[in-house]
Amino acid sequence: FEQSEDNLRSPICCIMGHVDAGKTKLLDCIRGTNVQGGEAGGITQQIGATYLPAEKIRERTKPDATLKVPGLLVIDTPGHESFANLRSRGSGLCDIAILVVDIKCGLEQQTIESLNLLKMQNTKFIIALNKVDRLFGWKKCPNAPIKKALKQQSEDVLNEFNIRLTQIITQFKEQGLNRELYYTSKKMGETFSIVPTSAISGEGIPDLLLLLVQWTQKTMVEKLTYSNEVQCTVLEVKVVEGHGTTIDVIFVNGVLHEGDQIVGPIVTTIRALLTPHPMEELRVKGTYLRHNEVTASMVIKITAKGLQHAIAGTSLYVVRPDHDLEDVKEAAMAD
Ligand code: GTP
Ligand code: MG
Ligand code: NA
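Just so we're clear, the structure is a prediction, and the values are computed from it rather than from any experiment.

Caption draft 1: Fine view of the overall build of the chain. A count of helices and strands for the chain gives 9 helices and 17 strands. Counting only C-alpha atoms, the chain reaches 65 × 45 × 35 Å along its principal axes. Out of the 335 residues in the chain, the part that is buried amounts to 41%. Pairs at least 24 residues apart make up 72% of the contacts formed inside the chain by residues separated by at least 6 positions.

Structure (structure tokens):
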């Protein structure tokens, strides 16, 4: 396949940050769901995944937005300190990340832990400066672009906003990072990557989605070019009523079919290739769509015999007619 802007897979975006910064709520706002309300103690305890098709992103941004990617695959991670392994797994799968910072709290322990993971993996990230609606006296402008929402605010609100923003920019400097509000420059890139948001009233959500799409499709063409080579990672092995033991998989690149022989580390044949509905969280019980064939990037659920022996965090390999099964098994064992 040719490397080209016309042949892109969906970017995979991981949402990270300190507990209760608003990661799941931001996704709820984008999806029109209430996943966070259903969580025990309001705490995320598993990796989540949701596919956002381009047409849904367009509805939340602007009608004339140039969307070259087919959609976005977003991965939600837990912020609670005990889930460092899941943060590491989630961030290891992504092309770009959103680091969520509570504007009233600034950089906290797991914000810094997440930051260090992203630095280590050299992953670019956008900073969602969340909960702007909690600034005292904030006037809600539901789903408005952030500049428009800020124009509606009183001088007091703007003062508090600027003081907190300046403090947080300083905290990033202390971590060796030079970060500014994204709209203070037309240049796209790491420096201009702070997007103020509210997950409750939706201010800044259009900005966040548009920046994600534009940044990835402009600067990550090589990484995002669709390829024939299957690349996927098992997120979780779980029993689902009516399906037996299934695996949830982040499918990064390539194409999969029902009936494909897979190795990882067990050798089996895909019985059913399922996906959650677009805009629906994988973690939430629901119905699945069944496909003969799925192209990446996507979150998928696979049913097959023997999946109780699959292992979360490992790669899945596909045996094609021109492959040698023993070679593929060897690659899988090396994981
Ligand atoms: P963990 O996954 O447990 O790490 O938390 P999280 O980062 O996903 O945060 P979550 O979405 O659970 O939100 C935590 C709390 O903050 C909830 O009570 C949300 O309703 C609230 N919250 C999140 N975002 C906003 C926001 O933008 N404004 C206001 N006012 N509250 C918010
Ligand atoms: Mg959460
Ligand atoms: Na939470």
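Caption draft 2: Examining the nonpolar core more closely. If you look at the biggest cluster of nonpolar residues, it comprises 89 residues, and the most contacted ones within it are Cys13, Ala97, Leu99, Val195, Leu212, Val249 and Phe251. The dominant element in this core, judged by the number of residues it contributes, is helix H7 (residues 205-219), at 8 residues. In contact with Phe251, not counting residues within four places along its chain, are Cys232, Leu256, Val294, Ala296, Ser297, Met298, Val299 and Ile300.

Caption draft 3: Representation of the environment of Gly92. Looking at where Gly92 falls in the secondary structure, it is placed in helix H3 (residues 84-92). For the pair formed by Gly92 and Pro145, sequence separation is 53 residues and the distance between their alpha carbons is 30 Å.

Caption draft 4: Fine view of the site of ligand 1. Taken together, 23 residues lie near ligand 1, and Gly22, Thr24, Lys25, Thr44 and Gly79 sit nearest. Residues that form the shell around ligand 1 fall into these classes: 7 nonpolar, 10 polar and 6 charged.

Caption draft 5: Representation of helix H4 (residues 109-120) in the model. With 12 residues, H4 should reach 16 Å at 1.5 Å per residue; the first-to-last C-alpha distance of 17 Å fits that figure. Every buried residue of H4 is listed here: Gln110, Thr111, Ser114, Leu115, Leu117 and Leu118. The arc that holds every buried residue of H4, seen down its axis, measures 160°, which confines them to one face. Pointing more than 90 degrees away from the buried face of H4 are the exposed residues Gln109, Asn116 and Met120. Looking at the buried residues of H4, the elements they touch are strand S1 (12-17), H3, strand S4 (96-102) and strand S5 (124-130).

Caption draft 6: Summary view of the UniProt feature "domain: Tr-type G" (unreviewed entry) in the chain. Following the UniProt record, one finds the feature "domain: Tr-type G" (unreviewed entry) at residues 8-221. Helix makes up 37% of residues 8-221 and strand 18%, whereas the separation of the span's terminal C-alpha atoms amounts to 7 Å.

Caption draft 7: How the structure looks around the sheet that holds strand S7 (residues 192-196). Spatial ordering of the open sheet is given by S2-S3-S1-S4-S5-S7-S6, a layout of 7 strands whose pairing is mixed. A strand with exactly one partner marks an edge of an open sheet, and here the two such strands are strand S2 (48-53) and strand S6 (180-181). The pairing of S6 with S7 spans 2 bridges and is parallel. Looking across to S7, one finds that Glu180 is bridged to Phe192.

Caption draft 8: Focus on the packing of H3 against H4. Contact pair H3 / H4: the axes reach a minimum separation of 10 Å and the direction vectors enclose 35°. Both H3 and H4 take part in a crossing whose hand is right-handed. Between H3, through Ala84, Arg87, Ser88 and Ser91, and H4, the contact on the second element is made entirely by Glu113, Ser114, Leu117 and Leu118.

Caption draft 9: Structural view of the environment of Gly313. Structurally, the position occupied by Gly313 is in the loop between strand S16 (298-303) and strand S17 (315-319). Distance in space between the C-alpha atoms of Gly313 and Asn122 is 20 Å, their sequence separation being 191 residues. Residues contacting Gly313, with those up to four places away along its chain left out, are Arg89, Thr233 and Val234.

Caption draft 10: Structural view of the pairing of S1. Taking burial as the measure, the 6 residues of S1 include 6 buried ones, the bulk of the element. Burial along S1 is two-sided: Ile12, Cys14 and Met16 and Cys13, Ile15 and Gly17, pointing in opposite directions, are all buried. Relative to strand S3 (residues 71-76), S1 runs parallel, the two sharing 4 bridges. If you follow Ile15 over to S3, its bridge partner there is Asp76. Two strands pair when backbone bridges link them, and S1 and S4 are joined in this way by 5 bridges, in the parallel orientation.

Caption draft 11: Here's a closer look at the environment of Glu81. Structurally, Glu81 can be placed in the loop between S3 and H3. With near-sequence residues (within four places) excluded, Glu81 lies in contact with Gln109 and Gln110.

Caption draft 12: Summary view of unusual backbone geometry. Following Gly264, the chain continues to Pro265 via a peptide bond in cis, the omega torsion being -15°. Following Ala296, the chain continues to Ser297 via a peptide bond in cis, the omega torsion being -5°. Here Ser297 shows up in the loop between strand S15 (293-295) and S16. With a phi angle near 75°, Lys131 is a residue other than glycine that sits in the positive phi range.

Caption draft 13: Structural view of the sheet that holds strand S14 (residues 288-291). One open sheet accounts for 8 strands, arranged S12-S11-S17-S8-S9-S16-S13-S14; its pairing is antiparallel. For this open sheet the edge positions go to strand S12 (267-269) and S14, each flanked by a neighbour on one side alone. Ignoring strand direction, the axes of neighbouring strands in this sheet form an average angle of 40°. In this sheet, S16 lies alongside strand S13 (residues 272-276) in antiparallel orientation, the contact comprising 3 bridges. Across the sheet, the residue bridging to Leu274 is Lys301, located in S16.

Procedures and definitions
- Residues numbered from 1 in each chain as written.
- Chains lettered and ligands numbered in written order.
- Predicted model: local features only at pLDDT ≥ 70, side-chain atom pairs only at ≥ 80, totals over all residues.
- Helix = DSSP H or I, 4+ residues; strand = E, 2+ residues; numbered from the N terminus.
- Buried ≥ 20, exposed ≤ 12 C-beta atoms within 10 Å, placed from the backbone.
- Contact = placed C-beta atoms within 7 Å.
- Core = buried A, V, L, I, M, F, W, Y, C linked by C-beta atoms within 7 Å.
- Near = placed C-beta within 6 Å.
- Nonpolar A, V, L, I, M, F, W, Y, C, P; charged D, E, K, R; others polar.
- Expected span 1.5 Å × (residues − 1).
- Arc of directions from axis to C-beta.
- UniProt positions renumbered as here; feature names shortened; annotations may be inferred.
- Pairing = 2+ DSSP bridges.
- Axes fitted to C-alpha atoms, helices over the stretch in contact; angles between N-to-C directions.
- Left-handed = near helix turned anticlockwise from the far one by under 90°.

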